[in-house]
Amino acid sequence: MRKLLLLLPLMALASCSGGDVLKSNKPFEMVCDGVVFSIDPELPKASMQGPSTVMIWDLTKVTPDQIVLEEADAIGGRDKGLMLRIDRNTGVVYGGRIAPPTESSDCTFNAV
């Protein structure tokens, strides 16, 4: 699981496709480097499934412009864990809390 968590900062700023999927409030999947996020903007939780682990994320902010996911079971509380922000206008995914995002790989968005 630690190896998977180390991949998340690498996905910090990802150029993504699927703008139409992001603009609706229907469930979708985000796939980045073999990691699949299942997100329903109308539900409070999302899941992430990687090669060897599954994590639950809290949807802490859903607006017409962005979706914010925070690690639900972070050690020290949610505000100490990982965070991802999906820009619904551009399809760009930002990661981290304090450090500036770094460019990584492409993500795709698929309606489910």
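Report on the accompanying structure. Keep in mind that this is a model prediction, so the values were computed, not measured. (Residues numbered from 1 in each chain as written. Predicted model: local features only at pLDDT ≥ 70, side-chain atom pairs only at ≥ 80, totals over all residues. Heavy atoms only, no water.)

## Here we look at unusual backbone geometry
One can expect most non-glycine residues to show negative phi and most peptide bonds to be in trans.
Move 1: If you check the backbone angles, Asp33 has positive phi at about 50 degrees while not being a glycine.
Move 2: Mapped onto the fold, Asp33 is located in the loop between strand S2 (28–32) and strand S3 (35–39). (Helix = DSSP H or I, 4+ residues; strand = E, 2+ residues; numbered from the N terminus.)

## Section: the nonpolar core
Move 1: With 20 residues, the main nonpolar core has Met30 and Ile86 as its most contacted residues.
Move 2: Breaking this core down by element, the ones donating at least two residues are helix H2 (19–23), S2, S3, strand S4 (45–49), strand S5 (54–62), strand S6 (66–71), strand S7 (83–87) and strand S9 (107–111).
Move 3: Residue contacts for Ile86: discarding those within four places in its chain leaves Leu22, Met30, Ile39, Asp65, Gln66, Ile67, Leu69, Val92, Val93 and Phe109. (Core = buried A, V, L, I, M, F, W, Y, C linked by side-chain atoms within 4.5 Å. Buried < 20%, exposed > 50% of the residue type's maximum accessible area, 1.4 Å probe, protein only. Contact = heavy atoms within 4.5 Å.)

## Description of the pattern of salt bridges
Move 1: Applying the stated criterion to the full structure yields one salt bridge.
Move 2: The closest approach of N and O atoms between Asp58 and Lys45, which form a salt bridge, is 2.5 Å. Residue Asp58 is found in strand S5, and its partner Lys45 is found in strand S4; the two are separated by 13 residues along the sequence. (Salt bridge = Lys/Arg side-chain N within 4 Å of Asp/Glu carboxyl O.)

## Observations concerning the pairing of S5
Move 1: Of the pairings in the sheet, the one linking S4 to S5 comprises five bridges and is antiparallel in character. Across the sheet, the residue bridging to Met48 is Met55, located in S5.
Move 2: Sheet analysis places S5 next to S6, joined by five bridges and oriented antiparallel. Paired with Leu59 across the bridge in S6 is Leu69.
Move 3: Once S5 ends, the chain turns through three residues before running back antiparallel as S6. (Pairing = 2+ DSSP bridges.)

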